[in-house]
Amino acid sequence: RKEVEQDPGPFNVPEGATVAFNCTYSNSASQSFFWYRQDCRKEPKLLMSVYSSGNEDGRFTAQLNRASQYISLLIRDSKLSDSATYLCVVNKGGSNYQLIWGAGTKLIIKP
Amino acid sequence: GAGVSQTPSNKVTEKGKYVELRCDPISGHTALYWYRQSLGQGPEFLIYFQGTGAADDSGLPNDRFFAVRPEGSVSTLKIQRTERGDSAVYLCASGRQGSSYNEQFFGPGTRLTVL
């Protein structure tokens, strides 16, 4: 079993719709969680950190469920520019610096 | 300010050759990470530097891979006797300190192709 698992997609979504995807992680000792965004042939960039209480940044909402060991990302009122691969990232259990990356979920927003 | 830079952007080499990949982190960032990303996969951790020392090289796949950061800034990833399976994008990231709570800022990567 992979340490961080994501549905690879692609998710094909019409512009303006709401889309959500989840990520599961295997190590209950993980303490820090992130969503990164990666455009085609570009480097990953931090989208948002994920806090225990859940957090929102504009159209983006992230949730953490420690009991079930999953993280979610919700995008409201999707834009064409949201098309990208979204990478779920957690710290390696027991490490305060090493990150484990999911393979990413590809999102395609259609006009 | 300037972001993380990596050179070369692309490198094509033949099986068995030696290559060096360079990373210039954001000024003042003490933490530096090397990752390898294959198509359709997330970045795979290779090595982490805190300052000049390699704090964790557990991700290096074998002894053909080596990395240095002699002055605590620029880092070089060195691959000896390259194999076709080494083909990937090699990403470098830096951060203010070596904490998983801190954002990692990535360079554009070096696309290595081993023929």
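Here the structure is shown first, and the text comes after it.
Residues numbered from 1 in each chain as written. Chains lettered and ligands numbered in written order. Predicted model: local features only at pLDDT ≥ 70, side-chain atom pairs only at ≥ 80, totals over all residues. Heavy atoms only, no water.

Looking now at the state of the cysteines. A full pass over the atoms with the stated rule returns two disulfides over all chains. Across a sulfur-sulfur distance of 2.0 Å, Cys23(A) and Cys88(A) are joined as a disulfide pair. In this structure the cystine formed by Cys23(A) and Cys88(A) twists about its S-S bond by roughly -70°; its chirality is therefore left-handed. Taken as a pair, Cys23(A) in strand 3 (residues 19-25) and Cys88(A) in strand 9 (residues 84-91) lie far apart in primary sequence, 65 residues in all. According to the relative accessible area criterion, Cys88(A) is buried, its value standing at 0%. Disulfide partner of Cys23(B): Cys92(B), at an S-S distance of 1.9 Å. Because the torsion about its S-S bond is -65°, the bridge between Cys23(B) and Cys92(B) counts as left-handed. Taken together, the residues Cys23(B) in strand 3 (residues 19-24) and Cys92(B) in strand 9 (residues 88-95) connect sequence positions 69 residues apart. (Disulfide = S-S within 2.5 Å. Helix = DSSP H or I, 4+ residues; strand = E, 2+ residues; numbered from the N terminus. Buried < 20%, exposed > 50% of the residue type's maximum accessible area, 1.4 Å probe, protein only.)

The next subject is the environment of Ser53(A). Within the secondary structure, Ser53(A) sits in the loop between strand 5 (44-50) and strand 6 (55-57). Sequence spacing of Ser53(A) and Leu74(A) is 21 residues, and the spatial spacing of their C-alpha atoms is 15 Å.

All names here are of chain B. One open sheet accounts for four strands, arranged 1-3-8-7; its pairing is antiparallel. Two strands close off the open sheet at either side, each with one partner strand: strand 1 (5-7) and strand 7 (65-68). Shown here is a sheet whose adjacent strand axes are inclined to one another by a mean of 15°, direction ignored. Sheet topology places strand 7 next to strand 8 (residues 75-79); four bridges connect them, and they run antiparallel. Bridge assignment links Phe-66 to a residue of strand 8, and that residue is Lys-78. (Pairing = 2+ DSSP bridges. Axes fitted to C-alpha atoms, helices over the stretch in contact; angles between N-to-C directions.)

In this structure, the largest pocket occupies an estimated 740 Å³ of space. Lining of the largest pocket is provided by 31 residues; of these, Gln38(A), Cys40(A), Arg41(A), Leu39(B) and Gly40(B) occupy positions nearest its centre. At the level of elements, strand 9 and strand 11 (105-110) of chain A together with strand 9 and strand 11 (110-114) of chain B are the ones that each hand at least two residues to the lining of the largest pocket. Along the lines of polarity and charge, the residues of the lining of the largest pocket split into 12 nonpolar, 13 polar and six charged. (1 Å grid on protein atoms, 1.4 Å probe; cavity = no way out; pocket = protein on both sides within 12 Å on 5 of 7 lines; lining within 4 Å. Points joined across faces, edges and corners; volume = space filled by probe spheres on them. Nonpolar A, V, L, I, M, F, W, Y, C, P; charged D, E, K, R; others polar.)

All right, on to the packing of aromatic side chains then. All told, the structure shown has 14 aromatic pairs over all chains when counted by the stated rule. For the pair Tyr35(B) and Phe106(B), a centre-to-centre distance of 5.5 Å together with 40° between the ring planes defines the contact as tilted. Linking Tyr35(B) in strand 4 (residues 31-37) with Phe106(B) in strand 10 (residues 105-106), this pair joins segments that are 71 residues apart in sequence. Residue Tyr35(B) shares its accessibility class with Phe106(B), and that shared class is buried. Members of the aromatic cluster, joined through ring pairs, are Phe34(A), Tyr36(A), Tyr97(A), Trp101(A), Tyr33(B), Tyr35(B), Phe45(B), Tyr48(B) and Phe106(B). (Phe/Tyr/Trp six-rings, centres within 6.5 Å; stacked < 30°, edge-to-face > 60°.)

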